[in-house]
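Chain by chain, the residues:
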Amino acid sequence: MSHPLPPAPVMPYTAYPMPVPVPEGHGVLIVSFNRGPYIVSAASTCRLKIDGREVPFAGEGTYYIVVPAGPHEAKVTDFIGMPMIKTALTVHPGAGHQLAFRFGGWRNRVHDGQGADVTTFGMWSNYLIMLVFFPVFFLLCCGGVALISALGSSA
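Rules of the game
Residues numbered from 1 in each chain as written. Predicted model: local features only at pLDDT ≥ 70, side-chain atom pairs only at ≥ 80, totals over all residues. Heavy atoms only, no water. Pairing = 2+ DSSP bridges. Helix = DSSP H or I, 4+ residues; strand = E, 2+ residues; numbered from the N terminus. Buried < 20%, exposed > 50% of the residue type's maximum accessible area, 1.4 Å probe, protein only. Contact = heavy atoms within 4.5 Å. Core = buried A, V, L, I, M, F, W, Y, C linked by side-chain atoms within 4.5 Å. Polar contact = N/O pair within 3.5 Å; in protein donor to acceptor, adjacent residues only side chain to side chain.

### Focus: the sheet that holds strand 8 (residues 96–103)
And step 1. On the basis of which strands lie adjacent, the open sheet formed by 5 strands has the order 1-5-2-8-9 and mixed pairing. Every other strand in the sheet has two partners, leaving strand 1 (15–16) and strand 9 (108–112) as the edge strands with one partner each.
And step 2. As defined by bridge partners, strand 2 (residues 26–33) adjoins strand 5 (residues 61–68) across 8 bridges and the pair is classed as antiparallel. Across the sheet, Ile 30 pairs through a bridge with Tyr 64, a residue of strand 5.

Take a look at the structure:
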């Protein structure tokens with residue numbers, strides 16, 4: 001008679017795509033990521049860090065992350081490490097805490113399980129940054145070229 005293998009122990013700071021048992025003195029972060037309005041999914045290019053530790057995940061969707069009970073900082077960074085969204089929360093033993101990281105057209109935000117905005121830092125979206133950066137760059141670039149050509153022709 002064959003016996004099934006015992007389940008593997010749940011490791012803290014590891015993202016699981018399904019609910020996991022909670023070890024004694026730990027809680028679970030139920031973290032979800034949306035795609036965002038981008039051509040390439042924002043969740044596929046960002047990194048999740050909890051208390052400074054990188055937690056690998058597969059992209060958009062919902063993940064279950066076991067963490068020790070107590071205060072934690074969760075942030076999402078872009079591929080080069082610049083923070084995009086940040087929040088702080090206190091995890092209670094044996095409890096699940098929902099966080100929804102939402103990449104939007106204007107601002108990046110994080111919401112809790114009741115839909116309240118719990119963002120402590122939310123960077124503008126890439127689209128808004130482009131709307132501000134490109135006109136300024138265009139004016140500086142073209143204005144500088146026009147100024148140099150005007151000064152060169154008057155000499």
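### Focus: the pairing of strand 6 (residues 70–77)
And step 1. Buried residues dominate strand 6, accounting for 6 of its 8 residues.
And step 2. Where strand 3 (residues 47–50) and strand 6 come together, 4 bridges link them in antiparallel fashion. Note on strand 6: the bridge partner recorded for Lys 49 is Lys 75.
And step 3. Where strand 6 lies against strand 7 (residues 83–91), 8 bridges are found, and the strand directions are antiparallel. Pairing of His 72 across the sheet is with Leu 89, part of strand 7.

### Things to note about the environment of Val 91
And step 1. By secondary structure assignment, the location of Val 91 is in strand 7.
And step 2. On a C-alpha basis, the gap between Val 91 and Val 66 in space is 10.0 Å, while along the polypeptide they are 25 residues apart.
And step 3. Ignoring any residue separated from it by four or fewer positions in sequence, one finds Val 91 in contact with Gly 27, Val 28, Leu 29, Val 67, Pro 68, Ala 69, Gly 70, His 72 and His 97.

### Regarding the sheet that holds strand 4 (residues 53–55)
And step 1. Sheet architecture is open: 5 strands sit in the order 4-3-6-7-10, paired in antiparallel fashion. The sheet terminates laterally at strand 4 and strand 10 (121–122), the two strands that pair on one side only.
And step 2. Across 2 bridges, strand 7 lies against strand 10 in antiparallel orientation. Each residue of the ladder has a partner; that of Lys 86, found in strand 10, is Phe 121.

### Details of the nonpolar core
And step 1. Membership of the largest hydrophobic core comes to 27 residues, with the highest contact counts inside it found for Phe 33, Leu 48, Ile 50, Ile 65, Phe 101 and Phe 103.
And step 2. Counting residues per element, the ones that place at least two in this core are strand 2, helix 1 (42–45), strand 3, strand 5, strand 6, strand 7 and strand 8.
And step 3. The element best represented in this core is strand 7, accounting for 4 residues.
And step 4. Contact partners of Ile 50, with chain neighbours within four places excluded, come to Tyr 13, Leu 29, Val 55, Ile 65, Val 67, His 72, Glu 73 and Ala 74.
And step 5. Val 10, Tyr 16, Ile 30 and Tyr 64 belong to the second largest nonpolar core, which has 7 residues in total.

### Considering the side chain of His 97
And step 1. Mapped onto the secondary structure, His 97 falls in strand 8.
And step 2. Reaching out from His 97, the side chain makes a polar contact with the backbone nitrogen of His 92 at a distance of 3.0 Å.
And step 3. Among all residues touching His 97, those that are not within four sequence positions of it are Val 28, Leu 29, Ile 30, Leu 89, Thr 90, Val 91 and His 92.

### Examining unusual backbone geometry
And step 1. One non-glycine residue, Tyr 13, lies in the positive phi region at around 60°.
And step 2. Note that Tyr 13 resides in the segment before strand 1.
And step 3. Since its relative accessible area comes to 12%, Tyr 13 is described here as buried.
And step 4. One non-glycine residue, Asp 51, lies in the positive phi region at around 55°.
And step 5. Along the polypeptide, Asp 51 turns up in the loop between strand 3 and strand 4.

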